[in-house]
Amino acid sequence: MSTVDSTAQTGSLVIAVDGTSGSGKSSTSRGVADRLGLRYLDTGAMFRAMTWWLLREGVDVRDTAAVAAAAGRPTIESGTDPLAPTITVDGTDVSVEIRSDEVNAAVSPVSAVPEVRARLLELQREAIGGGGIVVEGRDIGSVVWPQAGVKVYLSADPDARAQRRTAEQGGTDVASTQQSLLERDRIDSGRTTAPLTMAEGAVHVDSTHLTLAEVIDRIVALAEARRA
């Protein structure tokens, strides 16, 4: 099926891709969006952008009240081209900066602050708009857009996730990366507001022994079945 045909028939579809860190959500979601001619939204990048801004402004990210008070100040905008996604804060492209070790260490506590989630939830829903988009995150199918036509929960075993994330970052310490990922899972799953969970009606895809192309094929097939 051509991209044009797919676009015409999935134009209002919302595909929600949730899951654990390092399970391949970003690469998978971009690939699915490109295959189907849809837009793409990385909600995790929005939380990272907020975290980067807070750190730059000298806000103590462990101080929930301080984070809550500052959460409404930055202007965060997400580009939705799956082949060239962007994220800007107050007009500055921070696509590289939000992947730093400093942001990695601070994003979970920031993400747990209800005022941050409420602010970004509004932006996320605005971006989804009339649909035609693949959205990745941790609470898309459960909170952000529970009416999504296709809901996927993507996971992989901890070792596979650590191997992938270490390779992505050009590192060598797989054990340390795995520990970091598991700690992120613990915080995200245990937070009071919008915890990481598999949404009702979601299809669980374990990517441990699948190639990226195979994972993309599975989700595209779900989208085509939904369209039919």
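Residues numbered from 1 in each chain as written. Predicted model: local features only at pLDDT ≥ 70, side-chain atom pairs only at ≥ 80, totals over all residues. Heavy atoms only, no water.

1. Brief notes about the confidence of the model for the protein
Stage number 1. Overall, the prediction assigns the protein a mean pLDDT of 90, with 96% of residues at 70 or greater.
Stage number 2. In the predicted structure, residues 1-9 sits below a pLDDT of 50 and forms twelve contacts with residues beyond four places in sequence or in another chain. (pLDDT = per-residue confidence, 0-100. Contact = heavy atoms within 4.5 Å.)

2. Here we look at helix α9 (residues 174-190)
Stage number 1. The first and last C-alpha atoms of α9 sit 24 Å apart over 17 residues, in line with the 24 Å expected at 1.5 Å per residue.
Stage number 2. Listed as buried for α9 are Val 174, Thr 177, Leu 181, Arg 184, Asp 185 and Asp 188. Projection of α9 onto a plane perpendicular to its axis shows the buried side chains occupying an angular sector of 105 degrees, all on one side. Turned more than 90 degrees away from the buried face of α9 sit Ala 175, Gln 179, Arg 186 and Gly 190, all of them exposed.
Stage number 3. Structurally, α9 contributes buried residues whose contacts are with α3 (43-56), α5 (101-111) and α8 (158-168). (Helix = DSSP H or I, 4+ residues; strand = E, 2+ residues; numbered from the N terminus. Expected span 1.5 Å × (residues − 1). Buried < 20%, exposed > 50% of the residue type's maximum accessible area, 1.4 Å probe, protein only. Arc of directions from axis to C-beta.)

3. Thoughts on the packing of α3 against helix α6 (residues 114-128)
Relative orientation and spacing of two packed helices are given, respectively, by the angle between their axes and the distance between those axes.
Stage number 1. Closest axis-to-axis distance for the α3/α6 pair is 11 Å, and the angle between their directions is 135 degrees. In terms of axis orientation, α3 runs oblique to α6. In terms of crossing hand, the pair formed by α3 and α6 is right-handed. On α6, the residues touching Thr 43, Met 46, Phe 47 and Met 50 of α3 are Val 116, Arg 117, Arg 119, Leu 120, Leu 123 and Gln 124.
Stage number 2. Taken together, the residues of the contact of α3 with α6 break down into six nonpolar, two polar and two charged. (Axes fitted to C-alpha atoms, helices over the stretch in contact; angles between N-to-C directions. Parallel < 35°, antiparallel > 145°, perpendicular 65-115°, else oblique. Left-handed = near helix turned anticlockwise from the far one by under 90°. Nonpolar A, V, L, I, M, F, W, Y, C, P; charged D, E, K, R; others polar.)

4. Digging into the pairing of strand β7 (residues 150-155)
Stage number 1. Judged by how many residues are buried, β7 sits mostly within the fold: six of six residues are covered.
Stage number 2. Across the two faces of β7 the burial is the same, with Val 150, Val 152 and Leu 154 and Lys 151, Tyr 153 and Ser 155 all buried.
Stage number 3. Pairing of strand β1 (residues 14-19) with β7 involves five bridges; the strand directions are parallel. In the strand pairing of β7, Gly 19 is matched with Leu 154.
Stage number 4. The pairing of β7 with strand β8 (residues 203-206) spans four bridges and is parallel. (Pairing = 2+ DSSP bridges.)

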